[in-house]
Amino acid sequence: MGSVAPGISSLLDQLGQEELELFQYVVERQQVDGDELRAGPAGPGRVDRLLDLGLLKRSATRPGMVVAGLPKAVASELLAPALLEIEERHRAVEATRERLTVFQNIYEQARFTPGDAGGVQRLTDLDVVRATITELADRAEHEILTSQPGGARRDDVLKESLEKTERVLRRGVRMRTLYQHTAQFSTVTVEYVDHVSRIGAEIRTLGDGFMRMLAFDQSAAVIAMRDSDAGCLLLSDPSLVDFAIGAFERAWTSATPFPENYSQERVLAISEDMKLSIVRLLVQGLEDRAIARRMGMSLRTCQRHVSDIMDKLGARSRLHAGFLISELGVDLNPTGTLGAPVRSAE
């Protein structure tokens, strides 16, 4: 297929102020003697370049004379092959898109419509998971819900999601996100939240009690798989999607807005809320490592909180603390902090 000839492009690259002045000189005088023009200050090289491009032409009625060519006509002639090539490629692109649309329709119907699997699909390949989430986000028109337990988000994960989040928000899709309280102590996460909040994202935090999930327009949801760190379950059955969204809404109601500014009172309140969540997990019999994972904190931080809880309860050991919590109950004093047991252990 044709394009602008390399020789023509080279000639165009050589044009400068002298060629412009030479062209203007001929335009103003309408006809100029070619030999006189070559012998003048411009020299034969610049004259020949303009002649080769068609910006100057030899007169058809007066031999030896040179006249100015019409630049628009020159442009049309030079660009005609390139424009034809662009038009042919555009037709080829549209034809390819049309052929693949049939496959896309089959893909969407099979992937996002409830079928024999009951509206649940296991996605075990990380690349497939990412591609599916990206496609669902691009198709969303109204709202995307995300809940991300595990504490602070990794820097690379936030950078990867930032562009997608901006794209979603800027086209008017509402976006609500749940993090754990511990995410508030990550500088990277705080900067990310500050940025996306300015363009419309709503962020809240909670101690524990919510699952990793994304929901799109109440039509599809992605939840984590218990036996896979990379895989997920894609839910398309309306009842299952409603169940996942209902779990998110209950957690959202209990959560608190991600703070714009920090204060000592806020930090203390978060600390007490995390301790209460740890108390609930202690009652369930979870070990420190499992509690730390659930709370999105390091094992050392978790153990420090457990030690503080034991001190407040007056427990002599972890076993004693578990007994006080599960058998005697834990009282919340009016300030919302962890108080002493309802009655003594004696």
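Bear in mind the structure is a predicted one, so any value in this text is a computation, not a measurement.

1. Quick word on the side chain of Ser-147
Next up, step 1: Relative to the elements of secondary structure, Ser-147 occurs in strand E5 (residues 143–148).
Next up, step 2: A distance of 2.5 Å separates a polar side-chain atom of Ser-147 from the backbone oxygen of Met-211.
Next up, step 3: Ser-147 has contacts with Leu-178, Phe-210, Met-211, Arg-212, Met-213 and Phe-248, leaving out every residue within four places of it along the chain.

2. Section: the sheet that holds strand E4 (residues 120–123)
Next up, step 1: Strand order in the open sheet formed by 8 strands is E4-E10-E9-E8-E5-E6-E7-E11, and the pairing between neighbours is mixed. Pairing within the sheet leaves two strands with one partner each, and these edge strands are E4 and strand E11 (256–257).
Next up, step 2: Two strands pair when backbone bridges link them, and E5 and strand E8 (residues 213–216) are joined in this way by 4 bridges, in the antiparallel orientation. Of the residues in E8, the one forming a bridge with Ser-147 is Met-213.
Next up, step 3: Where helix H6 (residues 126–139) meets the sheet, its contacts fall on E4, E5, E8, strand E9 (220–224) and strand E10 (232–235), and the angle it forms with E8 comes to roughly 35 degrees.

3. Thoughts on a nonpolar patch on the surface
Next up, step 1: Taken together, Leu-79, Leu-83 and Ile-86 make up a surface patch of nonpolar side chains, about 290 Å² in accessible area.
Next up, step 2: Tracing the sequence through the fold places Leu-83 in helix H5 (residues 71–112).

4. Describing helix H7 (residues 155–170)
Next up, step 1: Taking 1.5 Å as the rise per residue, H7 with 16 residues should run 22 Å; its terminal C-alpha atoms sit 22 Å apart, in good agreement.
Next up, step 2: In the structure, H7 departs most strongly from a straight axis at Leu-162, where the bend amounts to approximately 35 degrees.
Next up, step 3: Residues of H7 that are buried include every one of Leu-158, Ser-161, Thr-165, Glu-166, Val-168 and Leu-169, and no others.
Next up, step 4: The elements touched by buried residues of H7 are H6, E5, strand E6 (174–180) and helix H8 (187–198).
Next up, step 5: Of the residues one or two after H7, Gly-172 is the one with positive phi, at around 90 degrees.

Cut-offs used in this document
- Residues numbered from 1 in each chain as written.
- Predicted model: local features only at pLDDT ≥ 70, side-chain atom pairs only at ≥ 80, totals over all residues.
- Heavy atoms only, no water.
- Helix = DSSP H or I, 4+ residues; strand = E, 2+ residues; numbered from the N terminus.
- Polar contact = N/O pair within 3.5 Å; in protein donor to acceptor, adjacent residues only side chain to side chain.
- Contact = heavy atoms within 4.5 Å.
- Pairing = 2+ DSSP bridges.
- Axes fitted to C-alpha atoms, helices over the stretch in contact; angles between N-to-C directions.
- Patch = residues over 30% accessible without salt bridge, like charges linked within 9 Å, V, L, I, M, F, W, Y side chains within 5 Å.
- Areas by Shrake-Rupley, 256 points an atom, 1.4 Å probe, with all protein chains shown as cover.
- Salt bridge = Lys/Arg side-chain N within 4 Å of Asp/Glu carboxyl O.
- Expected span 1.5 Å × (residues − 1).
- Bend = angle between axes of the 7 residues up to and from the residue.
- Buried < 20%, exposed > 50% of the residue type's maximum accessible area, 1.4 Å probe, protein only.

Purely spatial values, then, with no claim about function.
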